[in-house]
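What follows is each chain in one-letter form.
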Amino acid sequence: MAIERTLSIIKPDATRRNLTGKINAKFEDAGLRIVAQKRIQLTMAQAGKFYEVHAERPFYGELCEFMASAPVVVQVLEGEGAIGKNREVMGATNPAEAAEGTVRKLYAQSIGENSVHGSDSEENAKIEIAQFFSEADIAG
Ligand code: ADP
Ligand code: MG
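This report concerns the structure included in the present document.

Rules used in this analysis
- Residues numbered from 1 in each chain as written.
- Chains lettered and ligands numbered in written order.
- Predicted model: local features only at pLDDT ≥ 70, side-chain atom pairs only at ≥ 80, totals over all residues.
- Heavy atoms only, no water.
- Helix = DSSP H or I, 4+ residues; strand = E, 2+ residues; numbered from the N terminus.
- Rg over C-alpha atoms; globule rule 2.2 N^0.38 Å.
- Buried < 20%, exposed > 50% of the residue type's maximum accessible area, 1.4 Å probe, protein only.
- Areas by Shrake-Rupley, 256 points an atom, 1.4 Å probe, with all protein chains shown as cover.
- Lys, Arg positive; Asp, Glu negative; His and termini not counted.
- Charge placed at Lys NZ, Arg CZ, Asp CG, Glu CD.
- Arc of directions from axis to C-beta.
- Contact = heavy atoms within 4.5 Å.

Okay, the overall build of the protein next. When helices and strands are tallied, the protein shows seven helices and four strands. Starting at the N terminus and walking to the C terminus, you meet the elements of the protein as β-α-α-β-α-α-β-α-α-β-α. A compact globule built from 140 residues would reach a C-alpha radius of gyration of about 14 Å, and the protein, at 14 Å, matches this within 12%. Along the first, second and third principal axes, the C-alpha set of the protein runs to 35 × 35 × 25 Å. In the protein, which comprises 140 residues, the proportion classed as buried is 46%. Entry remark: accessible area of the protein is about 7,300 Å², with carbon and sulfur atoms responsible for 50%. If the 16 positive side-chain charges of the protein are averaged to one point and the 20 negative ones to another, these points end up 5 Å apart.

This is the structure:
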């Protein structure tokens, strides 16, 4: 399988509970390399743009407020099949449906406050990475 890069975000519910290291350990244990990382405070405008695809969903406003409610850690993960592998490590969107040992099963608080984001396709990974990092910020 090809080496891929994916955008990961450790969300405010997790940064508030000081879980960045524990979540990063899950990524590294799965063979994903953290090749870029920064802790930032999203504005409402940035959160709104990032989740624009969900603008028509009833939870969009609440989701943007949550994402701007505390710092997030944005990161680029790299590895073989990184996009799918990260989705596996994350677990299902709803923690009640997430498999044992996944980040969301272990740490998510609800379907909205679910600790992590991960890109869902190669196309979206490229778009999402470019929202936060330039090529010079990424050292693979
Ligand atoms: P994923 O993050 O697993 O790719 P989606 O792309 O479907 O999931 O949704 C984006 C984010 O929107 C979710 O991670 C979660 O934070 C939030 N979300 C999704 N569904 C709901 C819902 N029914 N109620 C509240 N928030 C939701
Ligand atoms: Mg998604």
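Listing the buried residues of helix 7 (residues 122–132) in full gives Ala125, Glu128, Ile129 and Phe132. Projected onto a plane normal to the axis of helix 7, the buried residues spread over an arc of 100 degrees and lie on a single side. Seen from the buried face of helix 7, the exposed residues on the opposite side, beyond 90 degrees, are Glu123, Lys126 and Ala130. In this structure, the buried side of helix 7 is in contact with strand 1 (3–10), strand 2 (33–40), helix 3 (44–50), strand 3 (72–80), helix 5 (82–90) and strand 4 (116–118).

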